[in-house]
Amino acid sequence: MKLSIIIPAYNEKKTIDEIIKRVKAVKISKEIIIVDDFSTDGTREFLKNLHDPQIKTFFHKKNHGKSHGVRVGIKEAKGDIIIIQDADLEYDPKDYSKLIKPIEQGKSKVVYGTRFPKKKGHPSLLHPYEILSNPFYFANKILTTMANVLYNAHITDEPTCYKVFDAKVLKSLNLKSERFEFCPEVTAKVRKKGYKIYEVPISYNPRTAEEGKKINFKDGIEAIWTLIKYRFIN
Ligand SMILES: Nc1nc2c(ncn2[C@@H]2O[C@H](COP(=O)(O)OP(=O)(O)O)[C@@H](O)[C@H]2O)c(=O)[nH]1
Ligand SMILES: [Mg+2]
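Residues numbered from 1 in each chain as written. Chains lettered and ligands numbered in written order. Predicted model: local features only at pLDDT ≥ 70, side-chain atom pairs only at ≥ 80, totals over all residues. Heavy atoms only, no water.

### Section: the pattern of salt bridges
Stated precisely, the cut-off is as follows: The working definition used for a salt bridge is a side-chain nitrogen of Lys or Arg within 4 Å of a carboxyl oxygen of Asp or Glu. Helix and strand labels come from DSSP, where a helix needs a run of H or I of at least four residues and a strand needs a run of E of at least two; each type is numbered from the N terminus. Between buried and exposed lies partly exposed: a residue is buried under 20% and exposed over 50% of the maximum accessible area for its type, with that area taken using a 1.4 Å probe on protein chains only.
For the structure shown, the criterion picks out 16 salt bridges. Among the salt bridges present, the one from Asp 17 reaches Lys 21, with a minimum N-O distance of 3.8 Å. Taken together, the positions of Asp 17 and Lys 21, both in helix α1 (residues 16-24) and four residues apart, correspond to about one turn of that helix. For Lys 21, a relative accessible area of 51% gives the class exposed. Where Lys 56 meets Glu 31, a salt bridge forms, and the shortest distance between an N and an O atom there is 3.1 Å.

Structure follows, in structure tokens:
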């Protein structure tokens, strides 16, 4: 089965080179799709000069937001399975093989990588506060609890960026998000269609705002609102 890796990138000059190397190093059948969201720090120029036959690049004419980039990638994806890969180094492509396994084995059509697995055997063995700083951890708990209460999701890490899908399922969801609401929208919509979310423990290496993290308090509020909204509309 072929994996489509979608990388939304916005001002990630410091990490784009390294994340591409790490993704390419994974030995599975794959295509890499990178959507530059009108970066202004040199990421765009770097990608324009790549000329790598394994990588398809798309360039926005203005900044739209992460979810818009992800949606462009979904439309272009030709693989059987789709994973979203951030352009920073918080998530580790070495986790791909275990993330896609439940889909390959036909156990599930949707897999999330969790940083807070309930079962023993967490790879990092860190305390949750060492994984996410206090406000991010709090937001994570709210969003995860809401997904479980509103959508009966039974998950431990709703906002995780490692979300993996059977390509046909993801393409069928009619996604509309622009900024950071891809995660809550997709969680709401897969659950409303009755797909179960299978979780796999992953490793995580957080970055700070100083290091380039862009998601903030307002995005957290928007994510909460998105989970509520899609309970009532499609
Ligand atoms: N396309 C696009 N991607 C963005 C934008 N802002 C952030 N990103 C990308 O989204 C990913 C996640 O960003 P990050 O700030 O680390 O948030 P988090 O990992 O979701 O908490 C990174 O790959 C960013 O480059 C944006 O405005 N447009
Ligand atoms: Mg990130």
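### So, the state of the cysteines
Among covalent bonds in proteins, the disulfide is the one between the sulfur atoms of two cysteines. Note the threshold: Cysteine sulfurs are considered disulfide-paired once they come within 2.5 Å of each other.
Enumeration over the complete set of coordinates arrives at zero disulfides. Cysteine Cys 161 is unpaired, with the sulfur of Cys 183 as its nearest cysteine sulfur at 5.3 Å. A residue is classified by how much of its surface remains accessible, and Cys 183, at 11% relative accessible area, is buried.

### Concerning the site of ligand 1
Quick reminder of the rule: To be near a molecule or strand, a residue needs just one of its heavy atoms within 4 Å of it. Under the rule applied, a polar contact is a pair of N or O atoms within 3.5 Å (in protein, one hydrogen donor and one hydrogen acceptor; residues adjacent in sequence only if both atoms are side-chain atoms). Classes in brief: Ala, Val, Leu, Ile, Met, Phe, Trp, Tyr, Cys and Pro nonpolar; Asp, Glu, Lys and Arg charged; the others, Gly included, polar.
By nearness alone, 18 residues border ligand 1, and Glu 12, Asp 37, Ala 87, Lys 213 and Lys 214 come closest of all. Contact between ligand 1 and Tyr 10: an oxygen atom at 3.1 Å from a main-chain N or O atom of the residue. Between Ala 87 and ligand 1, the recorded distance is 2.7 Å, taken from a backbone N or O atom to an oxygen atom. Here the shell around ligand 1 is built from residues that sort into seven nonpolar, two polar and nine charged.

### What to know about the coordination of the magnesium ion (ligand 2)
The textbook angles at a metal center are 109.5 degrees for a tetrahedron of four donors and 90 or 180 degrees for an octahedron of six. This is how the line gets drawn: Only N, O and S atoms count as donors, using a 2.8 Å limit from the metal and a wider 3.2 Å limit for Na, K and Ca, and since water is excluded some coordination spheres may look unfilled.
Within the protein, Asp 88 (OD) and Glu 90 (OE) serve as the donor atoms for the magnesium ion (ligand 2), at 2.0 to 2.1 Å. In terms of burial, Asp 88 and Glu 90 fall into one category: buried.

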